[in-house]
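# Remarks on the overall topology
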Amino acid sequence: MVVLSQPIPLDNHISVIPTYKPVPVPALTSQSIPVVNLTDPEAKIRIVKACEEFGFFKVVNHGVRPELMTRLEQEAIGFFALPQSLKNQAGPPEPYGYGNKRIGPNGDVGWIEYILLNANPQLSSPKTSAVFRQTPQIFREAVEEYMKEVKEVSCKVLEMMAEALGIEPRESLSKMLRDEKSDSCLRLNHYPTAEEEAERMVKVGFGEHTDPQIISVLRSNNTSGLQICVKDGTWVAVPPDHSSFFINVGDALQVMTNGRFKSVKHRVLADTRRSRVSMIYFGGPPLSQKIAPLSCLVPKQEDWLYKEFTWSQYKSSAYKSKLGDYRLGFFEKQPLHSSLS
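The structure contained in this document is the topic of the report that follows. Since we're looking at a predicted model, the values are computed, not measured.

### So, helix H2 (residues 66-80)
The end-to-end C-alpha distance of H2 is 21 Å, a good match for the 21 Å that 15 residues give at a rise of 1.5 Å each. All of the buried residues along H2 are Leu68, Met69, Leu72, Glu73, Glu75, Ala76, Phe79 and Phe80. Viewed end-on, H2 has its buried residues packed into an arc of 165 degrees, placing them on one side of the element.

### A word on the pairing of strand S13 (residues 276-283)
Counting buried positions along S13 gives eight out of eight residues, so the element sits mostly inside the fold. Residues Arg276, Ser278, Ile280 and Phe282 point to one face of S13 and Val277, Met279, Tyr281 and Gly283 to the other, with burial holding for every one of them. Here strand S6 (residues 185-191) pairs with S13 via seven bridges, running antiparallel. Note on S13: the bridge partner recorded for Tyr191 is Arg276. Bridge analysis of strand S8 (residues 215-220) against S13 gives six bridges, and the strand direction is antiparallel.

### Brief notes about the nonpolar core
One finds Met161 and Leu173 to be the most contacted residues of the largest nonpolar core, which totals 65 residues. Tallying contributions element by element places helix H5 (residues 137-165) first for this core, with 14 residues. Here Met161 is in contact with Ile47, Val48, Cys51, Leu173, Leu253 and Phe261, once residues within four sequence places are set aside. Grouped together as the second largest cluster of nonpolar side chains are 23 residues, Tyr96, Tyr191, Leu226 and Val238 included.

### Examining the sheet that holds strand S12 (residues 266-269)
Sheet architecture is open: five strands sit in the order S1-S7-S12-S9-S10, paired in antiparallel fashion. At either margin of the open sheet sits one strand with a lone partner, and together these are strand S1 (19-20) and strand S10 (235-237). Alignment of strand S7 (residues 202-209) against S12, held across three bridges, turns out to be antiparallel. Note on S12: the bridge partner recorded for Val204 is Leu269.

Calculation notes
- Residues numbered from 1 in each chain as written.
- Predicted model: local features only at pLDDT ≥ 70, side-chain atom pairs only at ≥ 80, totals over all residues.
- Heavy atoms only, no water.
- Helix = DSSP H or I, 4+ residues; strand = E, 2+ residues; numbered from the N terminus.
- Expected span 1.5 Å × (residues − 1).
- Buried < 20%, exposed > 50% of the residue type's maximum accessible area, 1.4 Å probe, protein only.
- Arc of directions from axis to C-beta.
- Pairing = 2+ DSSP bridges.
- Core = buried A, V, L, I, M, F, W, Y, C linked by side-chain atoms within 4.5 Å.
- Contact = heavy atoms within 4.5 Å.

Below you can see the structure in the form of structure tokens.
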């Protein structure tokens, strides 16, 4: 998820927040949602199947301590409960820092406030420092510890994926996240309880989009709202599970697999009864990393569906797009889609 936002108070411009007329949305059940137990010997096969069919799956037995997830959630809630004037001192995001309502520079908005933090301690950010100045030391400690453990989950998943695909060495994907110049980040989202709308319309918390990076690792509280778009274009609701992680295939991974894995389109709708808090680790490569179909998967360049580009080029292009745009279209060798909306 790439964000460039300007803050506005949550009680302003309510009328511009997109809404949906509620329609029956099927829910992914425990039987239909891809679930991967990372301790299962068949985990790597299940990961590849899930990435091919959904671009999305749930991870259990991931090894991240439950108390760490709970502690970071509570610290995030503490930040979002601060007076608006204090939160605004950590914004607007550049792209790191505190953001409110606006999502990107091209007019997208949602019923949301958030913090975007750089996951690379070697790359300092004034706005990240401003967030930490408004919070107790335990907040920073929880953030750093959480990012360290979730990064390991991300790398483990990518290494299992590489093994199943026959990519050698098995660290070919995970090394981009482990690189000291990795462009990864952590996003903490707060979707406040939304007021009832006329005709029972539902406010959009975060509009439909794909994540540009390699992989995204999501954890939320037990408030519903997350939906993904499956192959036939149907939107399905994902039941929340505060003890598990949900993995999204990102645009960069779609390119590296030459479209075998699909970057999943997803969105969040605001709840009228409970607020939602989510924490997403976005695993990105260094800015100079070249992104292209992997030669071990697609030996002949004439079979590539995408042009080669650097992560810096793609990230810059994503900043200039609207949230629901099909950003990979600019990098396809033979355009397959004009847009996804």
